[in-house]
Structure formats: C-alpha cells, structure tokens
Amino acid sequence: MFQRKLLSASLLLALTTPVHAAGSADVAKLRKEIEAMRANYESRIQALEKRLETAEARSAAPAVAVAPSVAPATVTEPAVAAPQAAPVAAAPQSSDSAFNPAISLILAGQYTYTKRDPANYAITGFPVPSDAEIGPGDRGFNLGESELGLSANIDHRFRGVANIALHGDDSLSVEEAYVQTIGLDHGLGLKAGRYLSGIGYLNETHAHTWDFVDAPLAYQAFVGGQYGDDGVQLRWLAPTDTYLEFGAELGRGRAFPGSDAGGNGAGGGAVYGHIGGDIGESHSWRAGLSYLQTKAKEQTWEVADLAGNSVSNGFTGDTRLWIADFVWKWAPMGNATVQNFKLQGEYLRRSQKGDLDYDTVGANSSDAYRSTQSGWYLQGIYQFMPQWRVGLRGEQLQHGTADYGLNATNLAASSYDPARASLMLDYNPSEFSRIRVQFTRDLSREGLADSQAFIQYQMSLGAHGAHTY
Amino acid sequence: MKKLFAATLLIAAVTPASAALKVLACEPEWGALVQELGGDKVDVTLATTALQDPHHVQAKPSLIARARNAELLACTGAGLEIGWLPVLIQQSGNAAIQPGKPGNFAASDFVQKLDVPTRVDRADGDVHPEGNPHIQTDPRNIAKVAVALAQRLEQIDPANRATYQQRAQDFAKRWDAALARWSAQAAPLRGTPILAQHKAWTYMENWLGLQYVDALEPKPGVEPTAAHLQEILTRQKDRPAKLIVYAAYQDARSADWLAERAKIPAVQLPFTVGGTPAAKDLFGLFDDTIARLLKGAGK
C-alpha cells in the first residue's frame, strides 16, 4: 500500500516536474506504463459495464411482463420474443421536496438618464390615472422590476402559476396568480385568477422578455403599460393546420382603463383572435385582433386645465379598446442561432364615452365626455451575430377627438401627436442573461423634447422557463 | 333535426375516418423512425429540421397548431426541448400529448444516458441534469428506442397493431445487419482523438470508441470564443486531436478557423436525418456519418 502511494507520488512528481532533456527517456517510459495501465482499466470497466447491462436487462424483463397485455387474439406473437422496452429511470425521491414547484427569479436593474425631470412626466392629451405605469421611471441607478415565479402542476387537472413582482421601492405586487387547466382537450384552455390579458401581442409577455426597456407609448397611454385583470379566461385553439386561436375574458376590470367599479357584475371583458403560420422554412408570423371593454367609476386623472392649474378630473364611463397586432420572424432555414430578425407592430384605437367631473375637489362640474384616440408602434430587432442584437422602434399617438361638452370652457382637447424613437443594443451571454443599452428621443410632452438613455440588465435564475412566440 | 343529422354525417364523411395516426416528431430522427415503424399508418410532421438547433426553437404558431392535432408526440426528452416544448404542450389544449400520457413519448427514457452531471450549476453552461440528450448519435440507442416506440404505436393505435409489430421486426432485422456493417466499417476509427463543437457526440464516441478531447464551446451551449479556441490550439501540441466534428445546424466558422490552424480536418456530420444530402433516412444518417469520419481521419 505504502509502496503504491510512493509510486503514484513519484509518478505525479515526474509528470509535474519540468521535463529536462536528460530525463525525457524516463518520462516516455513512464508515459507508456501509464498508457498500459489506462488501457487495462478501460477494458475492465467495459467488462463491468457489460455485466451491469445484462443484469439490468434481466431485472427489467419481469417488470414488463406484469403489464396488462391488450394483444388481440388474432395477432400471432413473433416466434422470437421481441426485447421489451422499459424506461430507464432513477428511483424517484419520495420526500416532500420532490413536489416543490419550479422556482425562477428574474433579476433586473438599470441606470436611467433623462434630460428632463421624469417626475412631471405626462403624455400630452392622454390623461391616465396615477396607477398607470408611464414614463421612463426614476433617474439614476434603480432596481428594476424583479420577479419571483413559482409554478407546478396542482393535480392531474390543474396547474398553478404565481409571479410576484418585487419593486425597487421595497413593495411587492402580485403580477400574476392563476390556475389553469392541463389538457382540457378539444383545444380548450381555462384560466382563473389574476393574469395578464391575452389582448394584443405584447400585453401577455412579461416585461423581462421585451425587446426594449419600456413599453410602447400606446400601451402606456391606453392600458397603463400592461393590462392585467382578475377573472376567468377561456381559449380555444381551432383544429386546423393553420394556427387559429380565440380567447375571451371576463374580469373585475381592476386596472386602467378600468377602475375596479365594484359590484357583482364584471367590470371588464375582452375577446380576441390570433392567426399564424409559416412561409417556407425561414419565415413565421402571427397576427391578431383584440377588443377590450372596461368600466370606469370616478377614475382620477391629474391634468392641467386651460388656466394652467393642476386639477383632478373624475371619469365615469366605458372604454373600448381595439388592438390589431402582427409579428413576423425570420431566421435563415429557421435556425435563429446566428442571425434572425423580428418585425413587430401594433395599432391601438380607444374610445371613451361617459361623464367627466372637472376639478373634483374644486368646481366639480360634470358633463358628458367622449374621445376617440389611437396610436401605433413598429419595431425591428436584428440579431446580427450570435449573442448580439440591435433594435429600432418608432411610435406615435394620434390625438384624435376629445369632446369635453360643457367642460370645454376649462379643458381643451389636445392637437399634439406625441411620438418617440428608440434605438437599443443588447448582449446576451446566454439565454439566461442580457445586458442592454437604449437611447430614446421622447416627444411625448408637448414642447418638452427629452433625450433618455438606459443601461439595463435582465437575468433569470432557477427553473428554465419556456418562452412563448 | 334531420338537416343537422345530415350535416353531421357530411362532416363525418369529409373528415377521413380511417385517417393515419397524426404524429408530431420534435426532431427528424424520431420522425424518420416513426415513419419506418408506421409506414402509411402514420402521418408524421417534424417540429424541427436538421438545420435547426433543437435546443433553441420557437414555439411558433404553426407548431402549436400541429401539437393541437397530434395523437403522438415523439421527442427526445432529457431537457433537450425544455425551452419550447412545454409551451407547445400547454397551449395545444390537447389531452393526449400531456406528460405522462401514452401520446407523450420521450426517446431518452429508454436508453442509458451518459454525461449525467454530478454537479448541476448554470455556471457550467447549459447542462442537462438528466444527462446528455443527444442519444441519436449511437445507432444502438435507435434500436432500443425503436422497440419502445413500436410498442407505443401499438398501444395508441391498436387497430394497426399487426402492422407495427411486423414493421418493427423488419426494421430490427435490417438495423442489426446495418449495425454489423457500420461497426466493421468504423473499426479503423477506434481510438481516434476528436474535438467536437458541442458536446453532442458522447454516444457516438462511446459506440465507435472515439476519444473525446475537448469541445469548441467553452461551456455547453455557449458560443465558441476566440480565447477558448486559442487555448485548444495550444493544447493540440500535448493532446493532438485528429479531427473536429460539428453538426449540420452549427455555424462552421469556429471549426474551420481551428481546422486551418491545427491542420486537421473539420468534419461536418449530419447529426440527424436530413443534415446532409446523403442522410436521407436513418440508414443514410449512419452510412454518411461513418463515411465522413473515415474520410476525415484519412482511413
């Protein structure tokens, strides 16, 4: 034993010691010996492997034989019994932790530079309530929206998903918490709880999968960044070769453009349809049309009136939102690893109809209000080499018409069309990490052109999430 | 009422009643195997081609539509399709192909997996806790999967049981003959040291007795870097590899760069059915793989 140790130690020494010309013959000899030893061990291991295999085959065979046979009597069994296939699997763990849900954590943070103070950010002519997420966010270094995701099958019928957003200001919010059916069959899927609505293209995707730091202006102005609701969602996938999906939602209308009107009824509802397919090997596409209707009750908009005073208005009424969306992706022969391109665009059109309370704390004059406004964005993302992508986004809102009725003496419809242009470059060391820079020329405030720059990281750890199209 | 009945009849008549079993194969090798075993009793569509990286495929609308109608999903498993298959299955609204159902077939469940990591850490790259998923590079695995897949076809489509059994026997006979031929042809390759772009050839190395030296990717799933290639080039002096292998779907630039400097051939292998013009079916896949390896090794 001691001798063997000594031998291996000297071998090690001989190998690590810089080879001198004089000792090279010895080293060569030693190498040969080691080679011989290695070959010897390899053949032994192979023999062992063979024995293991036969042992496994023997133990697997009876297990299969117990399985109920459904062979019809007419079928003659092959003369030589075919080798039975049994899954090769490790013994499952029987502890409770084996059922723990898949956990994923998205970590995001950014540095934001803006020329204008984002504290008084507003989109001219598009009033939103204070809970809507608009604008570039805080200046300087800040923790972006980190997200903790938990998901697992509940039983043979249901799956549960929860996404908790961790905000930079130490607050938490429930972004998603829903249960959904597993394989309801006939192309049906049912979801209940809090979810991101299936309207449009971008709405349902999580912020960490977006191609730009922020949501398009139209999404900010019309749905406060992203529309999520508490309710039920039913989807049906048609049994056709062309992708054809329909969905309907009924919910509380909790968030902007709704305002949680309360009561027994539903405060919001949506219907949508998606169609998609391939063109050859290299192209794929999807297009959709969505309709969202929500109720608002005394939804508070902070705006400036004609006298230049900041006032609170209360809107009570219905909002109807139409979204037309499309996305087209290209990758040479469908292989996106080296190069790929994605073109994505959406058009949103909103109409509001109801009553507006002008200056709820002061004058408090109420009259009918109607508006029809729209907006669009178009963006292209090009991966020009592995791990590197560049993207350009152009967008505009159309002020449309806004009829304030009698309140027109204090409030005026805007004649300004807010617009923005953004350029981004991102580096993706792996599918789990991304570092991005973005420059934005922001003309969303009339007369206050802003230049913005962002440096952002988005990383995910834990369970490997599969991405939607 | 009568009209409605007539309409139902019409629909039933238009829909082929004895339609072939609809199979969605995640990778071309399983598509080809289902075709071998099922003949005209199966209608196979492929989710990926040999020119696509099976790790990174988009859950695109056309695939969701195909998953919706599939009666059998024939995939590799072992985490290979984790980035896209769960979305397809979830969005398909198809009960038959849910995990655990007979319609969800994972080939890697039926072979002994290699490269099962003792340490699972993303710092080591895109590691698969279940083991190396590229099982199709060893034809002996194909034989094992064929047995299991034929049984699965019989289970799902008992009406055509006899056909599947007969075809499976026929395939096994032809495959055994081919295996013997390949083993004889590839004998000179035994012990040949190779470099691989991605650690995708473990099973083939094991089969042919090739000696794996290193991967061009610094970590599995991470694109080759100039620094890492330079490192391999330096190590060539001590542990010289005789050839570099890479799959048809991979970018050849790194392999070519290294091949030129190390003065060893870079050999493109089909990796799956359709990867090269000669790899038309499963037999062609291994005929061509061995032919290319022999040519690369100068044997």
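Residues numbered from 1 in each chain as written. Chains lettered and ligands numbered in written order. Predicted model: local features only at pLDDT ≥ 70, side-chain atom pairs only at ≥ 80, totals over all residues. Heavy atoms only, no water.

As recorded by an unreviewed UniProt entry, chain B carries the name Zinc ABC transporter substrate-binding protein and is attributed to Niveibacterium microcysteis.

**Student:** Describe the overall build of chain B, listing the residues and the values that go with them.
**Tutor:** For chain B, the helix and strand inventory stands at 10 helices and eight strands. Counting all 299 residues of chain B, 56% fall into the buried class. Sequence separation of at least 24 residues holds for 63% of the intrachain contacts in chain B that already meet a minimum separation of 6. In the form shown here, chain B has an accessible surface area of approximately 12,400 Å², with 57% of it arising from carbon and sulfur atoms. (Helix = DSSP H or I, 4+ residues; strand = E, 2+ residues; numbered from the N terminus. Buried < 20%, exposed > 50% of the residue type's maximum accessible area, 1.4 Å probe, protein only. Contact = heavy atoms within 4.5 Å. Areas by Shrake-Rupley, 256 points an atom, 1.4 Å probe, with all protein chains shown as cover.)

**Student:** With reference to specific residues and values, describe the side chain of A:E245.
**Tutor:** All names here are of chain A. Position of E245 among the secondary structure elements: in strand β8 (residues 243–251). For E245, a relative accessible area of 4% puts it in the buried group. Side-chain polar atoms of E245 contact the side chain of R235, separated by 3.1 Å. Side chain to side chain, E245 and Y243 meet in a polar contact 3.2 Å long. Leaving out residues up to four positions away in the same chain, E245 has contacts with R235, W236, L237, Y272, G273 and H274. (Polar contact = N/O pair within 3.5 Å; in protein donor to acceptor, adjacent residues only side chain to side chain.)

**Student:** Give a description of the pattern of salt bridges that names residues and reports values.
**Tutor:** Scanning the model with the defined rule gives 31 salt bridges over all chains in all. Taking the shortest distance from any N to any O, the salt bridge between B:R253 and B:D251 comes out at 2.8 Å. Given the relative accessible area of 24%, B:D251 is considered partly exposed. It is possible to trace a salt-bridge network through shared partners that takes in A:D211, A:K342, A:R389, A:D426, A:R434 and A:R436. (Salt bridge = Lys/Arg side-chain N within 4 Å of Asp/Glu carboxyl O.)

**Student:** For a nonpolar patch on the surface, give the residues involved together with the corresponding values.
**Tutor:** Residue and element names in this part refer to chain A. Together, L107, Y111, Y113, F141, L143, I435, I455, Y457 and L461 make up a nonpolar patch on the protein surface, roughly 870 Å² of accessible area in all. Taken together, the elements giving at least two residues each to the nonpolar patch come down to β1 (102–114), β2 (140–143) and β17 (450–462). Residue position: Y111 is located in strand β1. For Y111, a relative accessible area of 31% puts it in the partly exposed group. (Patch = residues over 30% accessible without salt bridge, like charges linked within 9 Å, V, L, I, M, F, W, Y side chains within 5 Å.)

**Student:** I'd like a rundown of the interface of chain A and chain B, residues and numbers included.
**Tutor:** Chain A puts 54 residues into the contact, and the matching count from chain B is 47 residues. Across the interface of chain A and chain B, roughly 4,100 Å² is buried in total on both sides, 53% from carbon and sulfur atoms. Counting every contact that joins chain A to chain B gives two salt bridges. A:D278 is paired through a salt bridge with B:R66; the nearest N and O atoms lie 3.9 Å apart. Viewed at the interface, chain B and chain A are joined by 15 residue pairs in polar contact (both at pLDDT 80 or more). Looking at the side of chain A that touches chain B, the elements that each hand over two or more residues are β5 (172–181), β7 (228–237), β9 (268–279) and β10 (283–304) of chain A. (Buried area = accessible area lost by both parts, 1.4 Å probe.)

**Student:** I'd like a rundown of the sheet that holds strand β8 (residues 266–269) of chain B, residues and numbers included.
**Tutor:** Residues and elements named next belong to chain B. If you trace the four strands from one edge of the open sheet to the other, you get β6-β5-β7-β8, paired in parallel fashion. For this open sheet the edge positions go to β6 (211–215) and β8, each flanked by a neighbour on one side alone. Strand-to-strand twist of the sheet, defined as the mean angle between neighbouring strand axes without regard to direction, takes the value 35°. Taken together, the four bridges between strand β5 (residues 193–196) and β6 define a ladder with parallel strand orientation. (Pairing = 2+ DSSP bridges. Axes fitted to C-alpha atoms, helices over the stretch in contact; angles between N-to-C directions.)

**Student:** Tell me about the pairing of strand β4 (residues 158–166) of chain A, and name the residues and values.
**Tutor:** All names here are of chain A. Examined bridge by bridge, strand β3 (residues 146–153) and β4 share eight bridges and lie antiparallel to one another. Across the sheet, S151 pairs through a bridge with V161, a residue of β4. What sits between the antiparallel neighbours β3 and β4 is a turn of four residues. Direction of pairing for β4 relative to β5: antiparallel, over a ladder of nine bridges.

**Student:** Please give an account of the confidence of the model for chain B that cites residues and values.
**Tutor:** Overall, the prediction assigns chain B a mean pLDDT of 89, with 94% of residues at 70 or greater. The secondary structure element of chain B with the lowest average pLDDT is helix α1 (residues 2–14) of chain B, at 48, and the one with the highest is strand β3 (residues 72–75) of chain B, at 96. (pLDDT = per-residue confidence, 0-100.)

**Student:** I'd love a proper account of the sheet that holds strand β4 (residues 104–106) of chain B, names of residues and values included.
**Tutor:** All names here are of chain B. Ordered by their spatial adjacency, four strands build an open sheet running β2-β1-β3-β4, and the pairing between neighbours is parallel. In this open sheet, the two edge strands, each paired with only one partner strand, are β2 (42–46) and β4. For this sheet, the mean angle separating the axes of adjacent strands, direction not counted, is 20°. The pairing of strand β1 (residues 21–25) with β3 spans three bridges and is classified as parallel.

**Student:** Any chance you could break down unusual backbone geometry for me, citing the residues and the numbers?
**Tutor:** All names here are of chain A. Residues F256 and P257 are joined by a peptide bond in cis, for which omega reads 10°. Residues other than glycine seldom take positive phi values, yet Q387 does so here, at roughly 80°. With respect to the secondary-structure elements, Q387 resides in the loop between β13 (365–385) and β14 (388–403).

**Student:** Tell me what's going on with the state of the cysteines, and back it up with residues and numbers.
**Tutor:** Residue and element names in this part refer to chain B. Counted under the stated rule, the structure contains one disulfide over all chains. Between the sulfur atoms of C26 and its disulfide mate C75 the distance is 1.9 Å. Taking the sign of the S-S torsion, about 45° here, the bridge from C26 to C75 comes out right-handed. A residue pair is termed long-range when its members are at least 10 positions apart, and C26 in the loop between β1 and α2 (28–38) and C75 in strand β3 qualify at 49 residues. Of the two residues examined, C26 and C75, each falls in the buried class. (Disulfide = S-S within 2.5 Å.)

**Student:** Talk me through the pairing of strand β6 (residues 188–196) of chain A; I want residue IDs and the actual numbers.
**Tutor:** Residue and element names in this part refer to chain A. Examined bridge by bridge, β5 and β6 share four bridges and lie antiparallel to one another. Opposite Q180, over in β6, you have K191 as the bridge partner. Between the antiparallel neighbours β5 and β6 lie six residues, among them G183 with a positive phi of about 50°. Bridge count for β6 against β7 is nine bridges, and the pairing is antiparallel. Residue pairing for β7: A192 is matched across the bridge by V232.

**Student:** Requested: an account of α2(B), with residues and values cited.
**Tutor:** Residues and elements named next belong to chain B. Most of α2 is tucked away, with 10 of its 11 residues classed as buried. Those residues of α2 that sit buried are P28, E29, W30, G31, A32, L33, V34, E36, L37 and G38. Its buried side turned inward, α2 meets β1, β2, β3, α5 (139–156), α6 (161–185) and α10 (282–296). Of the residues one or two after α2, G39 is the one with positive phi, at around 55°.

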